[in-house]
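# Coordinate inspection notes
Listed here are the chains, written in short residue letters.
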Amino acid sequence: MGEDVALRLAEARRTAREDHLSARLDLGRFVETLPEAEALVSREPQRERPVELLMRALAGNGRTADALAAYDVFRERLADELGLDPSEHLRRVHLRLLRGELVPGGPVPEEARSPAVVRLPRPLTSFVPRETEVGAAVERLSAARLVTLTGPGGSGKTRLAVEAAATLVERAPDLASGGVWFVGLAPVRRGADLPDAVASALDLRGQAVFQARAAVLPQSPLERVVSFLGERAGLVVLDNCEHVVADAAALVETLLSRCPDLRVLVTSREPLGVGGETLLPVPSLEPPPEGTGVEEAGSYPSVTLFSERARAALPGFTVNADNVGYVVRIIRELDGMPLALELAAARLRAMSPAQLADRLRDRFRLLTNGSRSALPRHRTLRAVVDWSWELLDEPERRLLRRLAVLPGGATLESVETVGSDPDAPDGTVAGDDVWTVLFALVDKSLVVAEDPEREDAPARYRQLETVRAYAAERLAASGEEERVRDAQARYARDLWHRGDPELRGPGQRAWLARLSAEADNCVAAFHWAVERRDAALALELVEYSQWYWALDEHWQQTNRWSGQVLELVGDAPPEGYEVAYASCLFHCSGEMGLGRAAVLERLDRVEQVLAGAGLRAEDHPVLVLCLVYRSMADRHHGGRARVRLEESVREQGDPWARAMAYLMLSLLDAVHGEADRAVERATTALESMREVGDAWGQCNAIVHLVDVVRYTDLERCRRLLDEGIALARRGGLDGVVSTFRARRTQVLVDLGEVEEAERDLKRLLGGPAEDEHRVSLRLTHIQLAARRRTPGRGLAAPGRDRTGPGCPGRVRPGLRRTRVAGAGGRPRLGRRRHGPGLARGGPRVVALPVRVGADQRRGPGHHGVHGGGIGSGVGRVHARLRGTAARGPRHRLAPGPPGA
């Protein structure tokens, strides 16, 4: 009796289960019922009901061919084992299947749909917001069926892929209604094993078992994958394809061609190269700029990631005023690479941020503490790059290590010069075209191709600092480091030699941009020349680059280099290098602590060296300043140096040199009290600079004109400054634009146009120009406040000493001053002989804006020339030679003095 009850209950349970499956099939839940139907058929292969359910589930999933095969297998089994045919009911089901009637004819109601199968890994750490990249990935997946996330190892491609897949399910569920699967390919060693890995991730092993038990000819893993995905609207994520990229490309192409509604998201260090592929480079997290404060730093995802991982290693860690500088330095040094930041943050268990920042020069030894659960190639920073290196062929390895000698990046020209094999045909490396190898390294995410700021500028190629440090190690071990560094240094010398004259003409803007991009490479070349004790190369680099560094406000660097070269060369110039040697002497002559006599003695030495080679200072664009400084040191304005400058204007055949001589003489005229002649010569200089197309020279002439006419013709000042702003914009001189705007604000205050002045001042305060012109802007602010309290005031009344905005805060005897006569009087320049203070009646006294002040370095990443006037450097030397101690903000257009 008990056995009968058990059998009856078992049969009832089986029937209920099959009825339940049938009801779910009626609701269109084909995906979730298929595994159970397969299991029923596997357990009872001779019963019709499970076969019917399996046929309906397969047909509902778009696998009509598999459904027909299941019927044929069952029919043959019955005939072979029992000598029977399928029932009439099952034959009708078969007929409906042939007619296509089992395939769903319309959309399933939303409430009846089962949720999509989403099989994505669950990360153990938080995802630092990368909304831009996630949004871009989802957008591309919505428009294309194959999207490949590319980037160097450790850039966060896998995490981004997982987040993008999850976001696609939320934002576009129809595109992933058939399911989402993650397939990790890192453990796969052979391309032939890829279909097995995908089948395993799709959980298709049960189907293979069913086919084996049913004595059906087994399908290959690829066929099972294609049959399963069929016409599903699903997404497959293939992670880490770079080591099997060719086989992965073939697999993806097959899946996409045979599964029309399938989408594939790939992560790889290089593209698959399949038709229809859409690439999405995954950059490192943006590092904050140098000098970023605590509040601003917290808005950068790179800082957020570092802070969160640091708190996991060191509870209570926060980025504060004491450590923000070190944190920013760490992040910048590691290029914002997520994996490197995580490894660095973990080190805070054993060292302070300051110690960590100081020791990152040995980053591969330091960052070795990755998670034990991570892939071996993600446990240390060296392993990350080692993995990429092992995947390279010989030409790629050679070029990658050679590019390490270009810290500022490279153009195609420099890649060809530095990267080619020395004894092979030009432009080849290990038998391959060097450009082709370069582009392959870009595809493999080991070289970054940077878009130029201007469309007519060439693209640049650079390595992340971690990759460059690794490549430098490989270069040192290769035995070719000396040859490659020497080739780079000589390429830099030749480039600066070509660019130097172009900086004084219509090609100035293009060459400023080009040389600015190559500045770090020039520095590397000079250091190599000194290290090799190659005096000739070091002298040439100083000579050819000095004008660029002058325009770029880096005279101090030239001064340091000059001292190193003189120490290397000795007391006498090598034959043929007299100009370069004299330039080094000149740049070292401004050590004002030696005293006036010593400085003049060094200037004499400069001219002696030039004379020995039959040359003159007035014929050189930089060394002509020797005459200017001498003239300023003279007790009267008719000295020999001034006479030589006057003669050079008449004799000079170079239009640019003649224009510069006019500008220098204009400055000397102003210093020696000849206002009318100063205006005349500055105007001539401006017109001449226009003719030669030198935007920097025109800006200097405009600044000097404004200085001279500031207290006699404010309307002309405004017109000149408006012209200067437009000119600086066209010339790409962004820093100069800020200088002109700051001066224009001062002029507007003097003109009584308070509202317009306030608008300009608000744009300048709080911006990058504030640090450059801090004193003058604050003085303008004070003047605006005073003007609002006393509306309608014009210029300061006669008898009042009003220090103009930006003039020295303290004036001592010896500084030239401007006396402006009353109405209708002519301006004249004279020496103030009674010390600082207000004029005692008569015409008011205003300090001539030839300014002295400490140098302020540019912000990181800023290209171009920065503001000021030619009086900045010359005036500073004049003040020192005369023994003055005026202080205040200086102009920043012209080259500064030697040794400043």
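Residues numbered from 1 in each chain as written. Predicted model: local features only at pLDDT ≥ 70, side-chain atom pairs only at ≥ 80, totals over all residues. Heavy atoms only, no water.

### Focus on a negative patch on the surface
On the surface, Asp-393, Glu-416, Asp-426, Asp-432 and Asp-433 cluster together into a patch of negative charge. Its location among the elements puts Asp-393 in the loop between helix H18 (381-390) and helix H19 (394-402). (Patch = residues over 30% accessible without salt bridge, like charges linked within 9 Å, V, L, I, M, F, W, Y side chains within 5 Å. Areas by Shrake-Rupley, 256 points an atom, 1.4 Å probe, with all protein chains shown as cover. Salt bridge = Lys/Arg side-chain N within 4 Å of Asp/Glu carboxyl O. Lys, Arg positive; Asp, Glu negative; His and termini not counted. Charge placed at Lys NZ, Arg CZ, Asp CG, Glu CD. Helix = DSSP H or I, 4+ residues; strand = E, 2+ residues; numbered from the N terminus.)

### Section: the sheet that holds strand E5 (residues 263-268)
In spatial order, the strands read E1-E3-E4-E5-E2-E6; together these six strands make up an open sheet with parallel pairing. Each having just a single partner strand, strand E1 (118-119) and strand E6 (277-281) make up the two edges of the open sheet. Bridge count for strand E4 (residues 234-239) against E5 is four bridges, and the pairing is parallel. Within the sheet, the bridge partner assigned to Val-237 lies in E5 and is Leu-265. (Pairing = 2+ DSSP bridges.)

### Section: the nonpolar core
Counting residues in hydrophobic clusters, the biggest one holds 101 residues, and the most contacted among them are Trp-547, Phe-586 and Phe-740. Looking at this core, the element that brings in the most residues is helix H32 (residues 655-671), giving 12 residues. Counting residues in each nonpolar core, the second largest holds 59 residues, with Tyr-300, Val-303, Ile-331 and Trp-389 among its members. (Core = buried A, V, L, I, M, F, W, Y, C linked by side-chain atoms within 4.5 Å. Buried < 20%, exposed > 50% of the residue type's maximum accessible area, 1.4 Å probe, protein only.)

### Concerning the packing of aromatic side chains
The full count for this structure, using the stated rule, is 12 aromatic pairs. Ring plane angle 75 degrees and centroid distance 5.7 Å describe the contact between Trp-181 and Phe-228, whose orientation is recorded as edge-to-face. Note that Trp-181 is positioned in strand E3 (residues 179-184) and Phe-228 in helix H10 (residues 221-229), a separation of 47 residues in sequence. Of the two residues, Trp-181 and Phe-228, neither departs from the other in class, the shared state being buried. On the numbers, 5.3 Å between centres and 80 degrees between planes, the contact of Trp-547 with Trp-696 is edge-to-face. (Phe/Tyr/Trp six-rings, centres within 6.5 Å; stacked < 30°, edge-to-face > 60°.)

### Details of the packing of helix H2 (residues 30-43) against helix H3 (residues 48-60)
In contact at an axis separation of 8 Å, H2 and H3 are set at 150 degrees when each is read in the N-to-C sense. Between H2 and H3, the angle falls in the class roughly antiparallel. As for how H2 packs across H3, the hand of that crossing is left-handed. Residues Phe-30, Thr-33, Leu-34, Ala-37, Glu-38, Leu-40 and Val-41 of H2 pack against Pro-50, Val-51, Leu-53, Leu-54, Arg-56, Ala-57, Leu-58 and Gly-60 of H3. Class assignment for the residues of the contact of H2 with H3 results in 11 nonpolar, two polar and two charged. (Axes fitted to C-alpha atoms, helices over the stretch in contact; angles between N-to-C directions. Parallel < 35°, antiparallel > 145°, perpendicular 65-115°, else oblique. Left-handed = near helix turned anticlockwise from the far one by under 90°. Contact = heavy atoms within 4.5 Å. Nonpolar A, V, L, I, M, F, W, Y, C, P; charged D, E, K, R; others polar.)

### Description of H10
Within H10 the residues assigned to the buried category are Arg-224, Val-225, Val-226, Ser-227, Phe-228 and Leu-229. One or two residues past the end of H10 sits Gly-230, with phi positive at roughly 40 degrees.

### Regarding the side chain of Gln-463
Relative to the assigned elements, Gln-463 resides in the loop between strand E10 (460-462) and helix H22 (465-478). If sequence neighbours within four positions are ignored, Gln-463 has contacts with Leu-400, Leu-403, Ala-404, Leu-446, Val-447, Arg-468 and Ala-471.

### Focus on unusual backbone geometry
A positive phi angle, close to 60 degrees, is found at Asp-335, a residue other than glycine. Looking at the element boundaries, Asp-335 is found in the loop between helix H14 (324-333) and helix H15 (338-346). On the accessibility criterion, Asp-335 (13% relative accessible area) is buried. Unusually for a residue other than glycine, Ser-445 sits at a positive phi of about 65 degrees. By the secondary structure assignment, Ser-445 is in the loop between helix H21 (434-443) and strand E9 (448-450).

### Quick notes on helix H28 (residues 578-587)
Judged by how many residues are buried, H28 sits mostly within the fold: 10 of 10 residues are covered. Regarding H28, the residues found buried are Glu-578, Val-579, Ala-580, Tyr-581, Ala-582, Ser-583, Cys-584, Leu-585, Phe-586 and His-587. On the buried face of H28, the contacting elements are helix H26 (535-551), helix H27 (555-569), helix H29 (596-612) and helix H30 (625-633).

### Details of the packing of helix H8 (residues 194-201) against H10
Contact geometry for H8 and H10: axes closest at 8 Å, N-to-C directions at 40 degrees. By the angle between their axes, H8 is oblique relative to H10. Crossing of H8 against H10: the hand is left-handed. Along the contact surface, H8 presents Pro-195, Asp-196, Val-198 and Ala-199, while H10 presents Pro-221, Leu-222, Arg-224 and Val-225. Split into classes, the residues belonging to the contact of H8 with H10 amount to six nonpolar, no polar and two charged.

### A look at the confidence of the model for the protein
The predicted model of the protein has a mean per-residue pLDDT of 79, with 79% of residues at 70 or higher. Within the protein, strand E13 (residues 844-847) has the poorest average pLDDT of any element, 25, and H19 the best, 96. Scored below 50 in pLDDT, residues 106-113 shows eight contacts in the model against residues more than four places distant or in partner chains. Taken together, the stretch residues 208-216 has pLDDT below 50 and engages in 13 contacts with residues farther than four places along the chain or on a different chain. (pLDDT = per-residue confidence, 0-100.)

### A short note on the environment of Ala-59
Assignment of secondary structure puts Ala-59 in helix H3. With 42 residues separating them in the primary sequence, Ala-59 and Glu-101 have C-alpha atoms 9.3 Å apart.

### Notes on the environment of Arg-75
By secondary structure assignment, the location of Arg-75 is in helix H4 (residues 64-81). Between the alpha carbons of Arg-75 and Leu-90 there is a distance of 9.9 Å; along the sequence they are 15 residues apart. Those residues in contact with Arg-75 that lie beyond four places of it in its chain are Leu-84 and Pro-86.

### Observations concerning the pairing of E3
For E3, the tally of buried residues reaches five of six residues, placing the bulk of the element in the interior. Relative to E3, E1 runs parallel, the two being bridged by two bridges. Looking at E3, one finds that Arg-119 is bridged to Trp-181. Of the pairings in the sheet, the one linking E3 to E4 comprises six bridges and is parallel in character. Looking at the pairing, Gly-184 lines up with Asp-239 of E4.

### Quick word on the pattern of salt bridges
Across all of its chains, the model carries 63 salt bridges by this definition. A salt bridge links Asp-358 to Arg-329, with the nearest nitrogen and oxygen atoms 3.0 Å apart. In this pair, Asp-358 is assigned in helix H16 (residues 353-358) and Arg-329 in helix H14, connecting sequence segments 29 residues apart. Overall, Arg-329 belongs to the partly exposed group, its relative accessible area being 41%. Residues joined in a network through salt bridges with shared partners are Asp-604, Glu-607, Arg-616, Glu-618, Asp-619, Arg-630, Arg-644 and Glu-651.

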